Amino acid sequence: MNRSMSLGICLTVLASPLAAQDDGRKSTDSTFDWSGAMTAGSTLRIHDVTGSVEVTPASGGTAEVHGERRSSWRGKSDEITFQVIRDGNDVVVCAYYTENGSCDARGIRSEHDGWRDHHASARLSVKLPSGVKLHAASGNGEVSVRDAGADVEAASGNGRVTVAGAKGEVRASSGNGDITIDRVTGRVSARTGNGHVRVSTISGPVSASSGNGSIDVRMDGIQGSDDMDFRTGNGRITVELPASFSGEIDARQGSGHFDSDFPLTLQGRMSGGHVRGTIGKGGRYLRMSSGSGNIALKKIG
């Protein structure tokens with residue numbers, strides 16, 4: 001029976017048929033290069049079946065993608081195919097296994113019994129123009145984004161995800177790997193099945209979760225009134241907030257203890273492992289839950 005593999009991330013559905021894009025494309029036996037002009041507000045989607053994805057700022061309005069095929073002693077680099085698809089202002093770049101593989105804006109799809117037996121990978125280096133939204137995904141490898149000028153969605157099925165600077169909303173996820181997010185000006189959502197989550201933002205709100213790992217979050221400012229959630233199956237939770245923060249607190253822990261730098265007006269009867277209370281004038285909910293670990297609220301300034 002065939003196994004189906006689907007990799008990738010997508011927030012929007014393209015309204016018109018996708019068409020192959022050949023302009024600015026060059027390739028050799030081991031490398032691939034594409035470049036093309038992209039306008040602010042458009043989206044560049046990067047899908048890599050396995051291997052690292054590194055994104056850095058472009059110097060102008062031209063996006064660039066450089067790919068390198070790599071193989072182990074058991075594999076062949078030509079197992080990997082590169083494809084570029086354009087729809088209107090949006091561009092999709094894929095690196096996927098040639099045999100029985102395909103790619104569209106939703107990601108990489110393969111109908112193949114032995115896809116785990118492949119031994120080739122692709123390393124993708126991306127230059128991203130300011131103002132262009134980014135979706136970057138790897139099925140198995142590190143995803144790194146630096147100084148993006150718009151919204152970012154970054155995901156890895158198995159690998160570390162890092163976003164160091166973004167002028168917009170950030171969504172980051174990993175099936176198995178640490179997540180680090182720093183110098184972000186918009187809303188942040190971070191989740192990993194197994195790993196440490198570290199988030200530092202210029203302006204929240206932030207929500208984060210880990211199946212097995214600690215969560216450390218610092219927000220120098222918070223916009224809007226949205227609720228925030230921090231959950232881990234096993235690990236500590238530390239959240240640093242501006243001194244002016246107000247909100248409703250709901251903290252649960254299977255073991256460990258709860259600490260707060262903020263004065264807390266308790267609501268109802270405090271029971272073991274569950275704290276409910278109000279900071280300041282109340283407002284948004286801040287929910288925290290750890291199966292095994294301490295929970296701490298710290299005041300900035």
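Check the entry above for the structure.
Residues numbered from 1 in each chain as written. Predicted model: local features only at pLDDT ≥ 70, side-chain atom pairs only at ≥ 80, totals over all residues. Heavy atoms only, no water.

Looking at this model, I keep getting lost on the nonpolar core. Mind explaining?
Soluble globular proteins tend to pack their nonpolar side chains together in the buried interior. Ranked by size, the top nonpolar core spans 70 residues in total, and within it Leu44, Ile46, Ile181, Phe230, Met288 and Leu297 carry the most contacts. No other element matches strand S9 (residues 90-97), which puts seven residues into this core. Those residues in contact with Ile46, other than ones at most four positions away along the chain, are Val53, Val65, Val93, Leu124, Val126, Leu134, His135, Ala136 and Ala137. (Core = buried A, V, L, I, M, F, W, Y, C linked by side-chain atoms within 4.5 Å. Buried < 20%, exposed > 50% of the residue type's maximum accessible area, 1.4 Å probe, protein only. Helix = DSSP H or I, 4+ residues; strand = E, 2+ residues; numbered from the N terminus. Contact = heavy atoms within 4.5 Å.)

In this structure, what is going on with the pattern of salt bridges? I would like to understand it.
Note on pairing: side chains with opposite charge can pair once their charged atoms come close. As enumerated under the stated definition, the model contains 13 salt bridges in all. A salt bridge links Arg146 to Asp147; its shortest N-O distance comes to 3.4 Å. On the basis of relative accessible area, Arg146 is assigned to the partly exposed category, the value being 41%. The partner of Arg218 in a salt bridge is Glu240, with the nearest N and O atoms 3.4 Å apart. With Arg218 in strand S22 (residues 215-219) and Glu240 in strand S24 (residues 237-242), this pair connects stretches of sequence that are 22 residues apart. Owing to a relative accessible area of 32%, Arg218 belongs among the partly exposed residues under this scheme. Several salt bridges share partner residues, and in doing so they unite Arg146, Asp147, Asp182 and Arg183 into one network. (Salt bridge = Lys/Arg side-chain N within 4 Å of Asp/Glu carboxyl O.)

Explanation requested: the environment of Asp87 in the structure shown.
If you trace the backbone, Asp87 turns up in strand S8 (residues 80-87). The buried category is assigned to Asp87, whose relative accessible area is 11%. The spatial distance from the C-alpha of Asp87 to the C-alpha of Ala105 is 9.4 Å, given a sequence separation of 18 residues.

Got a minute to help me understand the side chain of Asp48 in this structure?
Mapped onto the secondary structure, Asp48 falls in strand S5 (residues 43-48). Of the side chains with opposite charge, Arg123 comes closest to the buried, unpaired Asp48, at an N-O distance of 8.9 Å. A polar contact is formed between the side chain of Asp48 and the backbone nitrogen of Thr50, at a distance of 3.3 Å. Non-local contacts of Asp48, meaning those with residues more than four positions away in its chain, are made with Val53, Ala95, Ile108, Ala122, Arg123, Leu124, Ala137, Ser138 and Gly139. (Lys, Arg positive; Asp, Glu negative; His and termini not counted. Polar contact = N/O pair within 3.5 Å; in protein donor to acceptor, adjacent residues only side chain to side chain.)

Help me out: how do you make sense of unusual backbone geometry in this one?
Residue Pro205 is reached from Gly204 by a cis peptide bond, and omega for that bond is 10°. Relative to the assigned elements, Pro205 resides in the loop between strand S20 (197-201) and strand S21 (206-210). Non-glycine residue Asp147 carries a positive phi angle of around 55°. In this fold, Asp147 is placed in strand S14 (residues 143-148).

In this structure, what is going on with the side chain of Gln253? I would like to understand it.
Summarising the element assignment, Gln253 is placed in strand S25 (residues 247-253). Beyond its immediate stretch of four places on either side in the chain, Gln253 contacts Phe258, Gly273, Ser290, Gly293 and Ile295.

In short, the description is geometric, and any link to function would need to be established separately.
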